[in-house]
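# Residue-level structure breakdown
Below, each chain spelled out in residue letters.
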Amino acid sequence: MPVFLVTLGVWYFISGSSLNHWNSNQCSPIIDSSPSATGFRLQGREFGCTFDEQNYRTSIQKWLSQRPMDAAPLEGMYLGSVEDYPWISTYLAKAALQSQEWDLKRGTSHDGHPYRLIESLLIDEAFRHRLDAPFADTPYTVHRVSVEKVRIDDASQVLDQYEPGQGKIPFDALLWIEFAERQPEESTATD
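Residues numbered from 1 in each chain as written. Predicted model: local features only at pLDDT ≥ 70, side-chain atom pairs only at ≥ 80, totals over all residues. Heavy atoms only, no water.

### Here we look at the environment of P29
Within the secondary structure, P29 sits in the loop between helix 1 (3-16) and strand 1 (30-32). By relative accessible area, P29 is classed as partly exposed at 21%. Each C-alpha atom of the pair P29 and C49 lies 7.6 Å from the other, and the pair is 20 residues apart in sequence. Ignoring any residue separated from it by four or fewer positions in sequence, one finds P29 in contact with L42, Q43, F51, N55 and S59. (Helix = DSSP H or I, 4+ residues; strand = E, 2+ residues; numbered from the N terminus. Buried < 20%, exposed > 50% of the residue type's maximum accessible area, 1.4 Å probe, protein only. Contact = heavy atoms within 4.5 Å.)

In structure tokens, the structure reads:
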């Protein structure tokens, strides 16, 4: 795991305890970072928030537009729990259900490397564009994702339209996103 991700995770853990005064009735995302940091954390779970796709995009775009011009180049971001982003959690669950590589009975990948498969599902080109949308007009592009602490449950507990026993699927994980330099010809779908 890249150093910035470990550093950001430790920094977040240490600094998170000072935010307990937050009013949970307000549900505006907070982005933890500093001008010298090479990563940032979009957070809200501590305050009872979840982020729809539009909120994800606009929060990051607003933060980027206010970031000092002389700030350190960004290497990545930590989103935290996928469950805080229902659009990501739903995508992950449905993608696993449709994947020939996911073993629904056992609730893991057929090759025994579920994290690798989950990461490949989340970096699939179409979904990568959705994660990348806030960075469309920046020098950064979503390049790679990594997950840890994956949670798996029966599909009926994760997606409304499924009956018990249809298979075990991933629905949550801690999600780290790494950036690469955006190439001039790259375009990002912002639908």
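### Side note on the pattern of salt bridges
Between side chains of opposite charge, pairing is possible as soon as their charged atoms come close. Counted according to the given criterion, the structure contains eight salt bridges. For E83, the salt bridge is made with R151, and the minimal N-O distance between the two is 3.1 Å. Taken together, the residues span a long stretch of sequence, with E83 in the loop between strand 3 (76-81) and helix 3 (86-98) and R151 in strand 6 (residues 140-154) at a distance of 68 residues. Of the charged contacts, one joins D103 and R106 as a salt bridge, the two residues approaching to 3.2 Å between their closest N and O atoms. Its relative accessible area of 12% is what places D103 among the buried residues. Looking at R106, the relative accessible area reads 48%, which means it is partly exposed. Connected via shared salt-bridge partners are E53, R57 and R130. (Salt bridge = Lys/Arg side-chain N within 4 Å of Asp/Glu carboxyl O.)

### Re the packing of aromatic side chains
Summed over all chains, the structure comprises 10 aromatic pairs. Between Y56 and Y85, the aromatic rings sit 6.5 Å apart at their centres with planes inclined by 90°, giving edge-to-face as the arrangement. With Y56 in helix 2 (residues 53-66) and Y85 in the loop between strand 3 and helix 3, the pair connects residues that are 29 residues apart, well separated along the chain. Overall, Y85 belongs to the buried group, its relative accessible area being 1%. (Phe/Tyr/Trp six-rings, centres within 6.5 Å; stacked < 30°, edge-to-face > 60°.)

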